[in-house]
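Structural overview
Here is what each chain is made of, one letter per residue.
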Amino acid sequence: MTQTISAPPAVTAGRRLAGVVLAVASGVALAVQSRINGELSVRLDDPIGAALISFGSGLLVLVVLVPLVPAGRAGLRHLRTGLRDRRIRPWQCIGGMCGGFLVATQGLTVPTLGVAVFIVAVVAGQSSSSLMVDRAGAGPAGPQPVTVPRLAGAVLTVCAVLISVGDRIGHPSALALAVLPLLAGLGIAWQQAVNGHVRVVSGSALVAGRLNFVMGTVVLLLAFAVSALLRGVPSDLPPGPWWLYAGGTLGIVFIAVGAVVVRWTGVLLLGLGMIAGQVIGALLIDELAPGTAGRPGWNTMLGAVLTLLAVGVAVLPSRPRYR
């Protein structure tokens, strides 16, 4: 008797389009989070403290939310079983450290660089390191070949970040700041790879997100302790609008969108939509509500366009090889 394997349900064009729109919206949310954390850093006069508030608030939401959701409770059990059975290693559970570093760089660099340059630098690092992470097979999908289009996309993204900071060549301190989000982007690819393993073993994106926030908060707590010894702690929280403390909650958007939308768009289209949203949102924020870095110049806009072009090039299918 032949077993019939049912095909996955067809996804309508309308639902796929809705998924892309949601992915773009989540990318815009990251750009907004960057501006919020940068503003909180300036008002608090403590970038590490601002990052800790942002990450800690997101962790608080997930600590309360995950046990309330049946899939979250089951995911916690599955993760414990996976660690006990060695289906996942402890080092694969520390990806959140990279997330903590990313949030810290928002407060350290956005007030000076602007959101647009920050996002372009992050995307450049992420695109470049993705090649190495995929080639090494660090993700749950296993080793992925380095194709010509993907390599060309990575080179274009590096060119994009160089163009974006071109008007700051005369300011070495600003150029040095641009290295921080570039390094944060390098870590994102590894973070996504190991978080993918957590998500597979636990069966829950919320559980992977909570573990991510736990590790990031631990790192930021240690960094804040060192900062407090060197420069003291802020006397009090800065008064201001409620949105100053909404950065951590916005980080959860990526988890929720990824869990729902990936069934409609696939992983690749989801990632492209998020990157597009980051670049578009960053340009809009710096143009409509410029910070101390001012409005984005032509070089930043060109760098953003090149980033989007690089993403498109990277997903072009490679010509198959025939013997």
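Quick caveat, the model's predicted, so the values are computed rather than measured.

Description of the overall build of the protein chain
Counting its regular elements, the protein chain contains 10 helices and 0 strands. N-terminal to C-terminal, the α/β element order of the protein chain is α-α-α-α-α-α-α-α-α-α. For the protein chain, the share of sequence-separated contacts (at least 6 apart) that also reach a separation of at least 24 residues comes to 82%.

Comments concerning the packing of helix H4 (residues 96-113) against helix H5 (residues 115-136)
With their axes 8 Å apart at the nearest point, H4 and H5 run at an angle of 135° to one another. If you check the angle between H4 and H5, you find them oblique. Considering the relative orientation of H4 and H5, their crossing is right-handed. Facing Leu102, Thr105, Gln106, Thr109, Val110 and Leu113 of H4, the residues of H5 in contact are Val115, Val117, Phe118 and Val122.

Thoughts on the environment of Ser227
Tracing the sequence through the fold places Ser227 in helix H8 (residues 205-231). With 180 residues separating them along the chain, Ser227 and Pro47 place their C-alpha atoms 9.7 Å apart. Once residues lying within four places of it in the same chain are set aside, the contact partners of Ser227 are Asp46 and Gly232.

Focus on H5
Here H5 spans 31 Å end to end across 22 residues, near enough to the 32 Å set by a 1.5 Å rise per residue. Along H5, the helix axis deviates most sharply at Ser129, where the bend reaches about 25°. The element H5 is extensively covered by neighbouring structure, given that 17 of its 22 residues are classed as buried.

Focus: the pattern of salt bridges
As enumerated under the stated definition, the model contains 1 salt bridge in all. The residue Glu39 makes a salt bridge to Arg43 at a minimum N-O spacing of 2.9 Å. Residue Glu39 and its partner Arg43 are located together in helix H1 (residues 13-44), separated by 4 residues, close to a single helical turn. For Glu39, a relative accessible area of 27% gives the class partly exposed.

Rules behind the numbers
Residues numbered from 1 in each chain as written. Predicted model: local features only at pLDDT ≥ 70, side-chain atom pairs only at ≥ 80, totals over all residues. Heavy atoms only, no water. Helix = DSSP H or I, 4+ residues; strand = E, 2+ residues; numbered from the N terminus. Contact = heavy atoms within 4.5 Å. Axes fitted to C-alpha atoms, helices over the stretch in contact; angles between N-to-C directions. Parallel < 35°, antiparallel > 145°, perpendicular 65-115°, else oblique. Left-handed = near helix turned anticlockwise from the far one by under 90°. Expected span 1.5 Å × (residues − 1). Bend = angle between axes of the 7 residues up to and from the residue. Buried < 20%, exposed > 50% of the residue type's maximum accessible area, 1.4 Å probe, protein only. Salt bridge = Lys/Arg side-chain N within 4 Å of Asp/Glu carboxyl O.

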